[in-house]
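Below are the chains, spelled out letter by letter.
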Amino acid sequence: MEKILSQEKLREWVDALDDCEVYAPAFADSVWNFARVKAGADIDLSHTNTIGSVKEFAFPQREVFFCFEKKDGVPVLTPTLPDPKPTVVFGVRPCDGRGMPRNDTVFNKEFEDPYYWARRNKLTLVGLACNQPHSPNCFCQSVGGSPHAEEGLDILMTDLGDRFHVKGVTAKGVEAMERGRDAFDAVSDADQAEVEKVHATSRSHSQRPLGNLDAIAEAIRESFDSPLWADMAQHCIGCGICTFLCPTCHCFDINDEVINPTTGEGERVRTWDNCQFPDFTMHTSGHNPRGDLGSRLRQRVSHKFLYFVENHKTQQCTGCGRCITECPVGIDIIAVLERVGQS
Amino acid sequence: MVNVEEIRGYAAGLLEKGEVKSVLGFRRGSASAFAEPCTLIEASDAASLVWDPTCLNNLALYLVKDRKQQAVSKTPDTRPVGIVAKGCDSRAIGVLLQENYFKREDVVVIGVSCEGTGVVDPRKLSAKLKGRTASRVTFDGADGINVSVYGDGTETVIPAREVLADRCLECRAATPTLNDVVFGETVEARGYNEPFHAAKEAEKVSEDERWANWEHHFDRCLRCFACRAVCPMCYCPECVVDSTTFVVTLGTSAEEKANRIRWCERSANTSESAVYHLTRAIHLAGRCIDCGECERVCPVNIPLRLLNTKLEKEAFEMFEYQAGHDIEQASLLSSFRDEDPNSFIR
């Protein structure tokens, strides 16, 4: 389904989704991030990219698995499977959209994660094509994506200035469009021509190249023991920015959090974890197989451009560039891959 | 004006003569318009050094890293390290010396005067550009910061005081007091704002509003620990907020591991993140030298500097103490003077 939506009628469509929780990018605290939209009039799609990725809607930083307590001396477990309202997220950039099928694979391939899917199944992702890159660190096209890629999105919107072209990509997306059907107009031949032109122009902007991704995977495989990793991680501070902001990083930790030590009441909780933290691979013996920052940088890069490819036949990076832009010391995954490729 | 060629020449000289094993400085990076840290080993590398208001990092962090590496190395390289340091950065080195983290002869401080200007705050720049990226940031030599906006290539000039880091606006010592050499003119800070201006402004708000504000920020915290990781004073090998709150060795018993105390859960929620940030702030009282790195690196822009300058202000008002200003002085928490206020002891 393809439709035209005027800028003014965007709010009408959003208001028609009143039984859903609607999120969209908002500029607050000097940064774009997803925020709850209470009324269609609040929506502002002039964003660059959000600091947090869309993964957190299916894989929140904190997920309670179950509650536990002691009743008459007997431990009682209460499951807490999430049951969220249908959630529609606007303004999802195509790089983040492409991240979601990669996360779906992780949470589905060997084991269907009920917590992830309880949220994911209720999620409708409304993408917004990037008419031009937001930052010099955007590289979606270098990892097989595009500024108007539909993969992972339920709807793709394209900004045509005074109006949007809106394409329902999945049945879920078409259904969300049906809900606001009065807001939409038919697509004319001129509209169609313009969308194609905008998309073609968006692809023509230069992005940093990565070269042959198969060759990169091979180069990483051969560089496992290379001193390059330690050199490239020389200024790494070992924080979690790169992985927490990444649309495809999905590692987690599970802990029991005691609420009341007397009654034994508490929760088993899943939280995001991070291969850049020293305790990520810490063994109970005290031995740490990835005891230095070089081996942790190698893990992050290898997972995205080698291991994930071996396991799932695609890169686990969609070129959003957050890890480059937000790194406090300028560690640049493209520069890293270039150096590994040249070694 | 600082002549960067002089810094390059000096750094190259140190390396050539073998007086240092490396020089920590700034170079242009591929990731952004802001400079990135570099470690020079060869004198010929010195040509890559840069100096301008995009040299944000406090490189003293890497002196700490070097010390930690030496501690675990079987053949530690104990030669001194050269470091390019702004006024604030030199105070960090001062605190590390006061705390005996290393010795004065272990470091060659290549001081650079900010000449009353300072560095640009990427957060303020982002606010000006509504999240868009700057592809070039330069100082116009007077009162303006020239910015090229990525994408459409727009060039704008922003008044310096609108995008300089808060600490630079309130700077009390733009010239490194601890140094082996200083480049640039020794000028007074411009005094855009009085010392502790931001902290004093924040104090004007009612306690309820302040708490609501901090709850809002703690709630947004991702617990990426970048603020701790970037802080040269957060050098503890074990941290109360980590899942492993003590150093596990082969000799650590199963019981010790099982009975470890978790002071702070991993959940990034308001209460746990408040515990983390307030604990960190308290541990930096009398030690924080206001380099503002914690606030700069925060990906969600939590105004962390306010927490630390508040305590810095207390230390100054109660004990006339300024961290890192005088390395001969005993550190605040390990000294007592008869005239110290003691009204809080009941």
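Residues numbered from 1 in each chain as written. Chains lettered and ligands numbered in written order. Predicted model: local features only at pLDDT ≥ 70, side-chain atom pairs only at ≥ 80, totals over all residues.

### What about the overall build of chain A?
Per the secondary structure count, chain A includes eleven helices and twelve strands. Whereas a compact globule of 343 residues would reach a radius of gyration of roughly 20 Å, chain A reaches 22 Å, a difference of no more than 12%. Projected onto its principal axes, the C-alpha positions of chain A cover 65 × 65 × 40 Å. A separation of at least 24 residues holds for 73% of the contacts in chain A among residues at least 6 apart in sequence. (Helix = DSSP H or I, 4+ residues; strand = E, 2+ residues; numbered from the N terminus. Rg over C-alpha atoms; globule rule 2.2 N^0.38 Å. Contact = placed C-beta atoms within 7 Å.)

### A look at the overall build of chain B
Helix and strand counts for chain B stand at 13 helices and eight strands. The C-alpha atoms of chain B give a radius of gyration of 21 Å, which matches the 20 Å a tight globule of 346 residues would have. Dimensions of chain B, computed from the C-alpha atoms along their principal axes, are close to 55 × 55 × 45 Å. With 346 residues in all, chain B has 45% of them scored as buried. (Buried ≥ 20, exposed ≤ 12 C-beta atoms within 10 Å, placed from the backbone.)

### Overview of the sheet that holds strand β7 (residues 155-159) of chain B
Residue and element names in this part refer to chain B. One open sheet accounts for three strands, arranged β5-β6-β7; its pairing is antiparallel. At either end of the open sheet lies a strand with only one pairing partner, and these are β5 (134-139) and β7. The sheet shows a mean angle of 25 degrees between the axes of neighbouring strands, direction not considered. Pairing geometry for strand β6 (residues 144-149) and β7, over five bridges, is antiparallel. Among the inter-strand pairings, Ile 145 is bridged to a residue of β7, identified as Ile 158. (Pairing = 2+ DSSP bridges. Axes fitted to C-alpha atoms, helices over the stretch in contact; angles between N-to-C directions.)

### Points about the domain arrangement of chain A
Residues and elements named next belong to chain A. Structurally, chain A comprises domain 1 (2-64 + 81-204) and domain 2 (213-251 + 273-342). Here domain 1 and domain 2 have C-alpha centroids that lie 28 Å from each other. Contact with domain 1, which involves 23 residues of that partner, is made by 17 residues of domain 2. (Domains from an automatic or database assignment.)

### Digging into the nonpolar core
Counting residues in hydrophobic clusters, the biggest one holds 129 residues, and the most contacted among them are Ala11(B), Ile83(B) and Ala226(B). Residue contacts for Ala226(B): discarding those within four places in its chain leaves Ile237(A), Cys239(A), Ile241(A), Pro328(A), Val297(B), Cys298(B) and Pro299(B). Membership of the second largest hydrophobic core comes to 35 residues, among which are Val22(A), Val88(A), Val92(A) and Ala176(A). (Core = buried A, V, L, I, M, F, W, Y, C linked by C-beta atoms within 7 Å.)

### Looking at the domain arrangement of chain B
Residue and element names in this part refer to chain B. Partitioning chain B into domains gives domain 1 (1-115 + 172-193) and domain 2 (194-320). Of note, the centres of domain 1 and domain 2, computed from C-alpha atoms alone, are 26 Å apart. Listed as interface residues are 15 residues of domain 1 and, on the opposing side, 13 residues of domain 2. Put simply, the parts of the chain that give the side of domain 1 that touches domain 2 at least two residues each are α2 (60-72) and α3 (87-98). The element best represented in the side of domain 1 that touches domain 2 is α3, accounting for six residues. For the side of domain 1 that touches domain 2, the per-class residue count stands at nine nonpolar, three polar and three charged. (Nonpolar A, V, L, I, M, F, W, Y, C, P; charged D, E, K, R; others polar.)

### Section: the sheet that holds strand β2 (residues 21-28) of chain A
Residue and element names in this part refer to chain A. The strand order β3-β2-β6-β7-β8-β9-β1-β10 describes an open sheet built from eight strands, whose pairing is mixed. Of all strands in the sheet, those bounded by a partner on one side alone are β3 (31-37) and β10 (184-185). In this sheet, β3 lies alongside β2 in antiparallel orientation, the contact comprising seven bridges. Residue pairing for β3: Tyr 23 is matched across the bridge by Arg 36. Relative to strand β7 (residues 123-128), helix α2 (residues 94-106) is tilted by about 145 degrees, and along the sheet it contacts β6 (87-92) and β7. Running over the sheet, helix α5 (residues 189-204) touches β1 (2-6), β8 (155-159) and β9 (163-168) and is turned about 90 degrees from β8.

### Here's the deal with the packing of helix α8 (residues 207-220) of chain B against helix α11 (residues 270-283) of chain B
Describing two packed helices takes the angle between their axes plus the distance from one axis to the other. Residue and element names in this part refer to chain B. One way to put it is that α8 packs onto α11 with a least axis distance of 8 Å and a crossing angle of 100 degrees. With respect to their mutual orientation, α8 and α11 come out roughly perpendicular. Contact with α8, carried on its side by Glu 215, Phe 218 and Asp 219, involves Thr 270, Ser 273, Ala 274 and His 277 of α11 and no other residues of that element. Tallied by class, the residues present in the contact of α8 with α11 amount to two nonpolar, three polar and two charged. (Parallel < 35°, antiparallel > 145°, perpendicular 65-115°, else oblique.)

### Remarks on α11(B)
Residues and elements named next belong to chain B. Taking 1.5 Å per residue, 14 residues should reach 20 Å; α11 reaches 20 Å between its end C-alpha atoms and fits that length. Every buried residue belonging to α11 is among Glu 272, Ser 273, Tyr 276, His 277 and Arg 280, and all of these are buried. Projected down its long axis, α11 shows its buried positions confined to an angular sector of 125 degrees, all on one face. On its buried face, α11 sits against α8, α9 (226-229) and α13 (304-319). (Expected span 1.5 Å × (residues − 1). Arc of directions from axis to C-beta.)

### With respect to the interface of chain A and chain B
Tallying the contact residues gives 43 residues for chain A and 42 residues for chain B. Of all the elements in the fold, those that place two or more residues in the side of chain A that touches chain B are β3, α8 (241-245), β11 (252-260), β12 (265-272) and α10 (322-325) of chain A. Of the residues contributing to the side of chain A that touches chain B, the split by class is 17 nonpolar, 19 polar and seven charged.

### So, the environment of Ala183(A)
Among the structural elements, Ala183(A) can be located in the loop between α4 (171-179) and β10. Distance from Ala183(A) to Arg270(A), taken between C-alpha atoms, is 41 Å for residues 87 residues apart in sequence.

### Description of the packing of α2(B) against α3(B)
All names here are of chain B. Across the interface, α2 lies against α3 with an axial gap of 9 Å and an inter-helix angle of 35 degrees. Counted together, Ala 60, Leu 63 and Val 64 of α2 and Asp 89, Ala 92, Ile 93 and Leu 96 of α3 form the full contact between these two elements. Residue composition of the contact of α2 with α3, by class: six nonpolar, no polar and one charged.

### Considerations on the pairing of β5(B)
Judged from the five bridges that link them, β5(B) and β6(B) form a sheet pairing that is antiparallel. If you follow Phe139(B) over to β6(B), its bridge partner there is Ile145(B).

### As for helix α6 (residues 213-222) of chain A
For an α-helix, 3.6 residues make a turn, and residues three or four places apart therefore share a direction. All names here are of chain A. All of the buried residues in α6 are Ile 216, Ala 219 and Ile 220. One face of α6 carries all of its buried residues, which in axial projection span an arc of 100 degrees. Residues of α6 that are exposed and point more than 90 degrees away from the buried face comprise Asp 214, Ala 215 and Glu 222. Looking at the buried side of α6, the elements it contacts are α9 (293-312) and α11 (333-342).

### A look at the confidence of the model for chain B
Within chain B, residue pLDDT values average 92, and 99% of them lie at 70 or more. Both scores are available for the predicted complex, with the pTM at 0.95 and the ipTM at 0.95. (pLDDT = per-residue confidence, 0-100.)

### Things to note about the pairing of strand β5 (residues 74-79) of chain A
Residue and element names in this part refer to chain A. β5 sits mainly on the outside: zero of its six residues count as buried. By the bridge criterion, six bridges tie strand β4 (residues 62-71) to β5 in an arrangement that is antiparallel. Bridge assignment links Cys 67 to a residue of β5, and that residue is Thr 78. Taking the residues between adjacent antiparallel strands as the criterion, β4 and β5 are bridged by two residues, where Asp 72 takes a positive phi near 50 degrees.

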